[in-house]
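# Coordinate inspection notes
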Amino acid sequence: MAARTKKDIIAQVASEYMEQTSLHGYRYLTEPGRHWFERLVWLVVHALATAGVVWQVQTMYHEYRTQVPITTVQSSHYHVSLVPFPAVAVCDINKMRRSRVEALAAKLIREYGLGGISQAELTSLMRYMGRLYDASREGKESSSRLQDLFAKYNVTLEYRSTMQMLGSQCDELLLACKWAGKTKPCMDLFETRKTMDGYCCTFNYVRPSDNFDTRLLANGSIAAARRHDVKDHDSDRPPTEAEQSLTAGPMMGLSVLVNSNLSEYFYPLLPTTGIKLLVFNPNDYPDTASGGLIEKLVMTQQEVFFTLSSVTTKPTTEVQDLPKNRRSCLFSTEVAFSSFYSYSDCLMDCRVQSMRDLCGCVPFFSPVKGREEDTRMCEIGDLKCLNKHTEMWQTLRPSEPLRGLELEMTQSLECKDCYPACGDTVYSVETTTMPLQQVLMDHSTFLKGFKVANHSVFHIFFGSTSQTLMNKSVRMAWHDLLSNVGGICGVFVGFSAMSVIEFLYFFTLRVFVALSRRKQGLAASRAGLATITGKANLTVQQHMVAPGRGSVGVPKGPGSLPNYPREMLSAGLLLTPTTAHPDGQYFNWGRYALQQWRGGPNEGKQ
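Residues numbered from 1 in each chain as written. Predicted model: local features only at pLDDT ≥ 70, side-chain atom pairs only at ≥ 80, totals over all residues. Heavy atoms only, no water.

Threshold: UniProt positions are given in the numbering used here, feature names are shortened, and annotations may be inferred rather than shown by experiment.
An unreviewed UniProt entry annotates the protein chain as Sodium channel protein Nach-like originating from Thrips palmi. Among the UniProt annotations of the protein chain, the heading Subcellular location (unreviewed entry) holds the following wording: "Membrane". Regarding the protein chain, the UniProt comment filed under Sequence similarities (unreviewed entry) reads as follows: "Belongs to the amiloride-sensitive sodium channel (TC 1.A.6) family."

## Section: the overall build of the protein chain
Operational definition: A helix here means a DSSP run of H or I that spans at least four residues, while a strand means a run of E at least two residues long, and both kinds are numbered starting from the N terminus. Here the term buried applies to any residue with accessible area under 20% of the maximum for its type, exposed to any over 50%, and partly exposed to those in between, with areas from a 1.4 Å probe on protein chains only. Should any heavy atoms of two residues lie within 4.5 Å, those residues are considered in contact. In short, Shrake-Rupley with a 1.4 Å probe defines the accessible areas, and a residue's cover is counted only from the protein chains shown.
Counting secondary structure elements, the protein chain contains 18 helices and 15 strands. By the burial criterion, 42% of the 606 residues in the protein chain qualify as buried. Of the contacts made within the protein chain by residues no fewer than 6 positions apart, 71% connect residues no fewer than 24 positions apart. Surface exposure of the protein chain reaches about 32600 Å², of which carbon and sulfur atoms provide 55%.

## Re the sheet that holds strand β9 (residues 294-299)
Pairing between sheet strands relies on hydrogen bonds along the backbone, with the strands arranged either parallel or antiparallel. As a reminder of what qualifies: We treat two strands as partners when DSSP finds at least two bridges between them. Interaxial angle, 0 to 180 degrees, is taken between N-to-C directions of lines fitted to C-alpha atoms, where a helix line uses only the stretch in contact.
Overall, antiparallel pairing links the five strands, which are arranged β5-β6-β2-β8-β9 in an open sheet. In this open sheet, the two strands that pair with only one neighbour each are β5 (190-195) and β9. Averaged over all pairs of adjacent strands, the angle between their axes in this sheet comes to 35 degrees, without regard to strand direction. Both β5 and strand β6 (residues 198-203) contribute to a ladder of six bridges, which runs antiparallel. Looking across to β6, one finds that E191 is bridged to T202.

## Quick look at the packing of helix α12 (residues 343-359) against helix α13 (residues 383-394)
Two quantities define a packed helix pair, namely the angle between the helix axes and the distance between the axes. Spelled out, the test is: Crossings are assigned a handedness: left-handed for a near helix turned anticlockwise from the far helix by less than a right angle, right-handed for a clockwise turn. Ten residues, namely Ala, Val, Leu, Ile, Met, Phe, Trp, Tyr, Cys and Pro, are considered nonpolar, four, namely Asp, Glu, Lys and Arg, are considered charged, and the remaining ones, Gly among them, are considered polar.
Two elements in contact, α12 and α13, have axes whose closest approach is 11 Å; the angle formed by their N-to-C orientations is 145 degrees. Considering how the two elements wind past one another, α12 and α13 form a crossing that is right-handed. Across the interface between the two elements, R351, S354, M355, L358 and C359 from α12 touch C385, L386, H389, M392 and W393 from α13. When grouped by side-chain class, the residues that make up the contact of α12 with α13 number seven nonpolar, two polar and one charged.

## Remarks on the environment of L515
When you line up the elements, L515 lands in helix α17 (residues 497-536). The spatial distance from the C-alpha of L515 to the C-alpha of T5 is 8.9 Å, given a sequence separation of 510 residues. Apart from the residues within four sequence positions on either side, L515 is in contact with K6 and I9.

## Examining the pattern of salt bridges
Side-chain pairing between opposite charges can occur once the charged atoms of the two side chains come close. Rules: Put simply, a salt bridge is a Lys or Arg side-chain nitrogen that is within 4 Å of an Asp or Glu carboxyl oxygen.
Evaluated as defined, the whole model comprises 14 salt bridges. Across the pair E121 and R145 runs a salt bridge whose closest N-O atoms are separated by 2.4 Å. In this pair, E121 is assigned in helix α4 (residues 119-126) and R145 in helix α6 (residues 140-152), connecting sequence segments 24 residues apart. Residue class for E121 comes out partly exposed when judged on its relative accessible area of 30%. Given the relative accessible area of 43%, R145 is considered partly exposed. D382 serves as the salt-bridge partner of R376, at 3.1 Å between the closest nitrogen and oxygen. With a relative accessible area of 37%, R376 lands in the partly exposed category. Classification of D382 as buried rests on a relative accessible area of 13%. A cluster of three or more residues bridged by salt bridges with shared partners is formed by R97, R100 and E172.

Here is the structure:
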């Protein structure tokens, strides 16, 4: 063992590995006595098996790395009490009340004079302030005249508060409310909030702020304002949880009696009377482009029943490990516009940034980043710019180019960083409408005492206690990949985790032990020779040993010496065979004895 080279040791360990490995058929490659053709056949078999394993594993790994989430139905009996009730926004179709516009016109004439213009004429011109809702260019001559009049007499209006004041107030619009079978004051259930339809009366809208709060805390999280306390940025109270319906049916939902007050109609957004109902996720800004908003009309003297159903999607933790461009969704912990992430918030933020870039202002009902006072609200003079880009802002550019729509792709809003939320609840609504009759109101404990005039009633509720729960997951998790790869390797070559440990054992530990033993053997041999040399103090002076018992003469003459090891020659020692004839070529330490040189130059001659 000690005389072998490192190469010989590694070759021997490799041979032992081939003979003892648990991998299928490898012992036939080095097994003694095998014909070379057998070894060639087995070599080809193993090459094909290894190529098959590599191809299958590579294909499976590629599928794992490029997979997208799959959504499956986890349950169709998800109880309604586990689903948040949707947010409901009641928006008056009439955006400006006549009496309030007339009062504002009189105030402006009184404070600014305005060149002696009559109150009736100014009231007529102020109608076009309603264009700030829809950015319409209809009546642009009147709009330009109103703008010039305000500029000439330095009339400044705070459009956010002014437009809110000119519209219907919640206590005027909502007359009676009932939630979960109990009649409650409407102002305890509703509050005035920003929506895509301007300021509306909202129920169960738990988004903490009307704006995007981007102030970061020390830990990197976003400080969010709280519901009912929007200006209190230091509040430690947790966000209000969304209301939930304990069971299905009209009696356990939301019922509201609305008064549209037709005599106050001055600037309706639609050619009808009544209200627009917005149904959306309680955490989302109500925006049509996000696809999560449902718009319904409730016209005067009608009773409308809205039957809800929902689909809740919950992602698994494996989905979050996928790159967002493949899962095509975002988690609330990745991006936040208030205290969470929502698709509609992201689109609205993208739209607001485009408005700022193109027109230098934002509509008064749009959410803004930071303080509202730091953002310029669009005025009458900005209507031209707003009208020019309105279509683009309402058209979302697809993430992938569409053939034949190259022009539309350039004239649309690009929000490439916006993805739908990975976990979300989507609502659908079925509508049933019937005329509102006085006899029915008189027999209703909820509506008794009201007269049918400008009124309408709506009921919104879940139609079933069983809702749909979806599970968003990956088709192949990392442990599935490991299992599949292990199965393929086992089928083709019998490979397993123990095979790896076995390979490492042979070519690390066993090689190390063998090399260590070789090193120790060489060291021991050198130490023994040094000891013998110190005691004998011999030198080789002649090529002949003295004849004697057990000794054999050594041929004389240069080149006739046996092929002694160099260590012996350098130590001044000669070897004498004990059991084998010295042929000058074969030496074995166990078959030779050391002899001390004693003779002179002529000793041993015959």
